[in-house]
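What the coordinates show
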Amino acid sequence: MTITSSHNDKLKEIRKLARRRTREDASRFVAEGEDLVAAAASAGWSPLVLLAAAGSGLDGDEVEGSLLASVSALGSGTRQLAVYGSRWSAPAGPLCVALWGVRDPGNVGAVLRCALAFGASSVALGPGCADPFGPKAVRASMGAIFQVPVARVSSLDGLPGERLALVGGAGQALSGPADGELTIVVGAEREGLAEEVVAACDRVAHIPILSESLNAATAAAIALYELTRGVLADA
Ligand SMILES: C[S@@+](CC[C@H](N)C(=O)[O-])C[C@H]1O[C@@H](n2cnc3c(N)ncnc32)[C@H](O)[C@@H]1O
């Protein structure tokens, strides 16, 4: 039977999961759109709730199209939407990306996407980072949230291998490939990495550029490229 009431319990839950606090308390999150639902399935994730727009022919409990669109946190007129259980891992090597104070969910998602592309072992989120299970981060990850282990950390202790702080204009020019276990530490959009975080790292490196700085996700992508150059399958 098609869901036609906005008071339906599944729709109510999805609306509530737009809030970070609810996601954290419930350890559940929403993925919007058939591409993400397919990415989850191919990574072996089963949805706890699966909804599809009536008449779309997609799997899931049928919901009146405009009603489904109304619970979308992204306002993208999604045709399929699913709820999953959040999974947190421990930070793993040999190549980990740690984000410190990266508040933009689009950047967090983009880093997950790059981590998957370059074969990083995990992404660790330090204090002040956006929720990787938020709707914008999940969308920006393009499904990588279902494949890359994500860890929550409160200090640099326990991050795998040598800790390499990425700081514009400081330390040596970054050059790869990585020699042994390594964690790349990337800082906040405005403030960059705090002095004490840099001091707690083993090494500092920069990506040589002509302007002041790169976007955090772009810096992570270039660093991952450089550190895996010649190591990935095409080499
Ligand atoms: C937008 S930048 C922060 C800019 C900030 N005003 C600063 O001075 O650090 C965000 C993060 O991206 C990384 N990043 C940006 N440009 C970089 C570069 N040229 N070399 C290495 N890391 C860079 C750093 O980790 C930085 O903390």
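Use the structure listed above.
Owing to the predicted nature of the structure, the values given are computational and were not obtained by experimental measurement.

Reading the values: rules and limits
- For every chain, the first residue of the written sequence is number 1, and numbering continues from 1 along that sequence.
- Only residues with pLDDT of 70 or above have their local features reported here, since the model is predicted, and side-chain atom pairs are shown and tallied only from 80 upward, although totals for entire chains, interfaces and linings are computed over all residues.
- Where side-chain values are given, they derive from all heavy atoms of the structure, hydrogens and water being excluded.
- By convention a nonpolar core is built from buried Ala, Val, Leu, Ile, Met, Phe, Trp, Tyr and Cys residues, the set being connected through side-chain atoms within 4.5 Å.
- Think of it in three bands: with a 1.4 Å probe and only protein chains considered, a residue is buried below 20% of the maximum accessible area for its type, exposed above 50%, and partly exposed in between.
- Note on conventions: DSSP H or I runs of at least 4 residues are helices, E runs of at least 2 residues are strands, and numbering of each starts at the N terminus.
- Any two residues having at least one pair of non-hydrogen atoms within 4.5 Å are treated as being in contact.
- Proximity is defined per residue: if any heavy atom of the residue lies within 4 Å of a molecule or strand, that residue is considered near it.
- The term polar contact refers here to a pair of N or O atoms within 3.5 Å; inside protein, the definition further demands a hydrogen-donor-capable atom paired with an acceptor-capable atom, and it admits residues adjacent in sequence only when both atoms are side-chain atoms.
- Under the convention used here, a 1.4 Å probe and the Shrake-Rupley method define accessible areas, while residue burial counts only the protein chains that appear.
- In this classification, Asp, Glu, Lys and Arg are treated as charged, Ala, Val, Leu, Ile, Met, Phe, Trp, Tyr, Cys and Pro as nonpolar, and every other residue, Gly included, as polar.
- In short, DSSP must find at least two bridges between two strands for them to pair.
- To obtain an axis, a line is fitted to C-alpha atoms, over the contacting stretch when the element is a helix, and the angle between two such axes runs from 0 to 180 degrees between their N-to-C directions.

**Notes on the nonpolar core**
Among soluble globular proteins, nonpolar side chains are generally buried collectively. Tyr84, Val97, Leu99, Val123 and Ile184 are the most contacted members of the largest nonpolar core, which totals 46 residues. Considering every element that reaches this core, the biggest residue donor is helix H8 (residues 216–228), with eight residues. Discounting residues that sit within four places of it in the chain, Ile184 has contacts with Leu95, Cys96, Val97, Ala98, Leu164, Leu166, Ala223, Leu224 and Leu227.

**Remarks on the site of the ligand**
In the vicinity of the ligand there are 17 residues, among which Leu166, Gly187, Arg190, Ile207 and Leu214 approach most closely. Contacts to the ligand include Arg190, whose backbone N or O atom sits 2.9 Å from a nitrogen atom. Burial of the ligand by the surrounding chains reaches 84%, relative to a free accessible area of 570 Å². Partitioning the shell around the ligand into residue classes produces 10 nonpolar, five polar and two charged.

**Description of the sheet that holds strand S10 (residues 182–186)**
Spatially, seven strands are ordered S7-S6-S5-S10-S8-S11-S9 in an open sheet, and the strand pairing comes out parallel. Taken across any chain shown, the strands that pair with only one partner, and hence form the sheet edges, are strand S7 (150–152) and strand S9 (172–173). Here four bridges tie strand S8 (residues 162–166) to S10, and the two strands are oriented parallel to one another. Bridging across to S10, Arg163 finds its partner in Thr183. Running over the sheet, H8 touches strand S5 (95–99), S8 and S10 and is turned about 160° from S10.

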